[in-house]
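Coordinate inspection notes
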Amino acid sequence: KVGVAKVNITPPVPIPMSGYGSRQDVYQGIHDSLYAFAVVFDDGSVQAALITADLIGFSNEFSGRMHRAVQEKTGIPATNILLAATHNHGGPRNNTYGGGEDQRITDYVNLVSNRMVEAVEKASNHKVPARIGSDKGQCRMNINRRAVFADGEVWLGRNPDGPCDQEVSVIRIDDLTGRPLAILTNWATHGTTSGPTNYQITGDWPGAASRFVEERLGGGVIAPITAGASGDINPIYGPNDRFRDIDAIGHLLAQEVLQVSEKIETYEGASVTTGHKNIEVKGREPTDDNGPNQALEPADPVEINLYVLKVGGIVLAGIS
């Protein structure tokens, strides 16, 4: 069985935006709303949840709090919960990338937490027998962003010769009548079509792609987006304040997602398996020099949380 839900997490009052250090003021308007999505899987013996949101990221403290709250409200084990942000640069701060003691941001973090728990509760309480399947496509609206400049420095730019993951992974979940409940998409690209001069709240290309898929399919379907391992991959447009560029990226990705989803063959009887492990990796001190082949000094170790959710033959891996 699968349950799905979607909740609005747009900040109700102007607060500082995230994504760019030069942008310090509060947002000046809302271009499009931000959302959190919940998908709950249940094979009769194991329950798991995938939660996504149109935000830049989550701190380890927030993630731990969310895991505990969802477990308390729904009984889903904390280790069976995957929490993913789209890494959207057009949203508000939420203490992950600064915020300090700003009460407005603290209040917003609490609002997000409560609404995410509500979404998982709603999804958990409305599970139905379901079918699932997956397939892959391609979207070329992204590019490697590590460019070599004339002085040898490597910095943000457009590098068509650099590695770039253009694969679009799509998961389709239907009820037993064939009606889509959710279309999940993973495309490894930063949410940076929106730039530092934009002071309008937006879900950037993930929000646009999700919106276009949902509008096309209708019927209450939800379309969560994840941005994959997008470390050095940017959309080909932006960063800027032109919303037509956001819509262009989102529309072209949504077209590919819809074409892929139409050919997916779903199946019943998927089992649910989860895995979780904390690992410690060597830390490195950052350097102000952006030249290549820098020698990095050792720093404190960093703990990384690894999560795996397997539904039928489909595996989702999450890295904090």
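The preceding data block contains the structure.
All residue numbers here refer to positions counted from 1 along the written sequence of the relevant chain. In keeping with the predicted nature of the model, local features appear solely for residues at pLDDT of at least 70, side-chain atom pairs appear and are counted solely at 80 or more, and the whole-chain, interface and lining totals rest on all residues. Heavy atoms throughout the structure, all of them, feed into the side-chain values; hydrogens and water do not.

Observations concerning the overall build of the protein
Counting its regular elements, the protein contains four helices and 16 strands. In terms of overall dimensions, the protein is globule-like: its C-alpha atoms have a radius of gyration of 19 Å, near the 20 Å expected for 320 residues. Over its C-alpha atoms, taken along the principal directions, the protein stretches across nearly 60 × 40 × 40 Å. Counting the 320 residues in the protein, one finds 49% classified as buried. Whether two residues are in contact is decided by their heavy atoms: any pair within 4.5 Å suffices. Pairs at least 24 apart in sequence give 75% of the contacts found in the protein among residues at least 6 apart. Only the protein chains shown count as cover for residues, and all accessible areas are computed by the Shrake-Rupley method using a 1.4 Å probe. Summed over its atoms, the accessible surface of the protein is roughly 15100 Å², and 48% of this surface lies on carbon and sulfur atoms. Looking at charge distribution, the protein has the averaged site of its 28 positive side-chain charges lying 5 Å from that of its 38 negative ones. Under the DSSP-based scheme used, a helix requires at least four consecutive residues in state H or I and a strand at least two consecutive residues in state E, with every element numbered from the N terminus. Note that the radius of gyration is over C-alpha atoms, with the globule rule given as 2.2 Å times the number of residues to the power 0.38. Residue exposure (1.4 Å probe, protein chains only): buried if accessible area is under 20% of the type maximum, exposed if over 50%, otherwise partly exposed. Here Asp and Glu are counted as negative and Lys and Arg as positive; His is not counted, and neither are the chain ends. Charge placement uses NZ in Lys and CZ in Arg. For Asp and Glu, CG and CD serve respectively.

Considering the state of the cysteines
Should the sulfur atoms of two cysteines be covalently bonded, the bond is a disulfide. In plain terms, two cysteine sulfur atoms within 2.5 Å form what is called a disulfide here. On inspection of all chains with the given rule, the structure shows zero disulfides. Cysteine Cys139 is unpaired, with the sulfur of Cys164 as its nearest cysteine sulfur at 9.7 Å. The buried category is assigned to Cys139, whose relative accessible area is 4%.

Topic: the nonpolar core
If you look at soluble globular proteins, the nonpolar side chains tend to sit buried side by side. If you look at the biggest cluster of nonpolar residues, it comprises 33 residues, and the most contacted ones within it are Ile9 and Met116. Those elements that provide at least two residues to this core are strand S1 (2-8), strand S3 (35-42), strand S4 (47-53), helix H1 (60-74), strand S5 (81-85) and helix H2 (103-125). Setting aside anything within four residues of it in sequence, one finds Met116 in contact with Ala36, Ile51, Ala53, Phe58, Phe62, Met66 and Leu83. Think of a nonpolar core as a cluster: buried Ala, Val, Leu, Ile, Met, Phe, Trp, Tyr and Cys residues, connected wherever their side-chain atoms sit within 4.5 Å. Leu181, Leu184, Ile314 and Leu316 belong to the second largest nonpolar core, which has 21 residues in total.

Observations concerning unusual backbone geometry
Residue Pro239 follows Gly238 across a cis peptide bond; omega there is 0°. Relative to the elements of secondary structure, Pro239 occurs in the loop between strand S13 (233-235) and helix H4 (243-262). Phi is positive for His87, which is not a glycine, with a value near 60°. Examined against the element boundaries, His87 turns out to sit in the loop between S5 and H2.

Things to note about helix H3 (residues 204-217)
Note that an α-helix has 3.6 residues per turn; residues three or four places apart therefore point the same way. Here H3 is 14 residues long and its end C-alpha atoms lie 21 Å apart, about the 20 Å a rise of 1.5 Å per residue gives. Where H3 is concerned, the buried positions are Asp204, Trp205, Pro206, Gly207, Ala208, Ala209, Ser210, Val213 and Glu214. Residues of H3 that are buried sit in contact with S1, S3, strand S10 (180-187), strand S12 (225-226), S13 and H4. For a helix, the expected span equals 1.5 Å multiplied by the number of residues minus one.

Some points on the sheet that holds strand S6 (residues 130-138)
Strands pair, by our definition, only if DSSP identifies at least two bridges between them. Strand order across the open sheet formed by four strands is S6-S9-S10-S12, with mixed pairing between neighbours. The two strands at the open ends of the sheet, each matched to only one other strand, are S6 and S12. Of the pairings in the sheet, the one linking S6 to strand S9 (residues 167-175) comprises nine bridges and is antiparallel in character. Bridging from a neighbouring strand, Gly133 pairs with Arg172 of S9. Between N-to-C directions, angles cover 0 to 180 degrees, with each direction set by a line fitted to C-alpha atoms, over the stretch in contact for helices. Its contacts with the sheet put H4 on S6, S9 and S10, and the angle it makes with S9 is roughly 55°.

Digging into the packing of H3 against H4
Helix packing for two helices is described by the angle between their axes and how far apart those axes are. As a packed pair, H3 and H4 sit with axes 7 Å apart at the nearest point and diverge in direction by 45°. Considering their axes alone, H3 and H4 lie oblique with respect to each other. Between H3 and H4 the crossing geometry is right-handed. Residue-level inspection shows Asp204, Trp205, Ala208, Ala209, Arg211, Phe212, Val213, Arg216 and Leu217 of H3 in contact with H4, the latter providing Ile246, Asp247, Ile249, Gly250, His251, Leu253, Ala254, Val257, Leu258 and Glu262. A breakdown of the residues in the contact of H3 with H4 according to their chemical character gives twelve nonpolar, two polar and five charged. To sort the angles, those under 35 degrees are grouped as roughly parallel, those over 145 as roughly antiparallel, those from 65 to 115 as roughly perpendicular, and the leftovers as oblique. Definitions for this section: a left-handed crossing has its near helix turned counterclockwise from the far helix by less than a right angle. A right-handed crossing has that turn clockwise. Gly counts as polar in this scheme, as do all residues outside two lists: the nonpolar Ala, Val, Leu, Ile, Met, Phe, Trp, Tyr, Cys and Pro, and the charged Asp, Glu, Lys and Arg.

Some thoughts on the sheet that holds S4
The mixed open sheet is built from four strands, whose spatial order is S1-S3-S4-S5. Among the strands making up the open sheet, the edge pair consists of S1 and S5. Averaged over neighbouring strand pairs, the angle between their axes works out to 10° when direction is ignored. Examined bridge by bridge, S1 and S3 share seven bridges and lie antiparallel to one another. Residue pairing for S3: Ala5 is matched across the bridge by Ala38. Contacting S1, S3, S4 and S5, H2 runs over the sheet at an angle of about 150° to S1.

Some words on H1
Here H1 contains 15 residues, and its C-alpha end-to-end distance of 21 Å stays within 8% of the 21 Å for a straight helix at 1.5 Å per residue. Taken residue by residue, H1 has Phe62, Ser63, Gly64, Met66, His67, Val70 and Thr74 as its buried positions. Residues of H1 that are buried make contact with S4, S5, H2 and strand S15 (298-311). After H1 finishes, the residue Gly75 shows a positive phi value of roughly 85°.

Looking at a nonpolar patch on the surface
Patches in this entry comprise residues that are over 30% relatively accessible and not in a salt bridge; like charges within 9 Å are linked, as are nonpolar side chains (Val, Leu, Ile, Met, Phe, Trp, Tyr) within 5 Å. A carboxyl oxygen of Asp or Glu within 4 Å of a side-chain nitrogen of Lys or Arg is what we treat as a salt bridge. Taken together, Phe149, Trp155 and Leu156 make up a surface patch of nonpolar side chains, about 290 Å² in accessible area. Looking at the element boundaries, Leu156 is found in strand S8 (residues 154-159). Judged by its relative accessible area of 41%, Leu156 falls in the partly exposed class.

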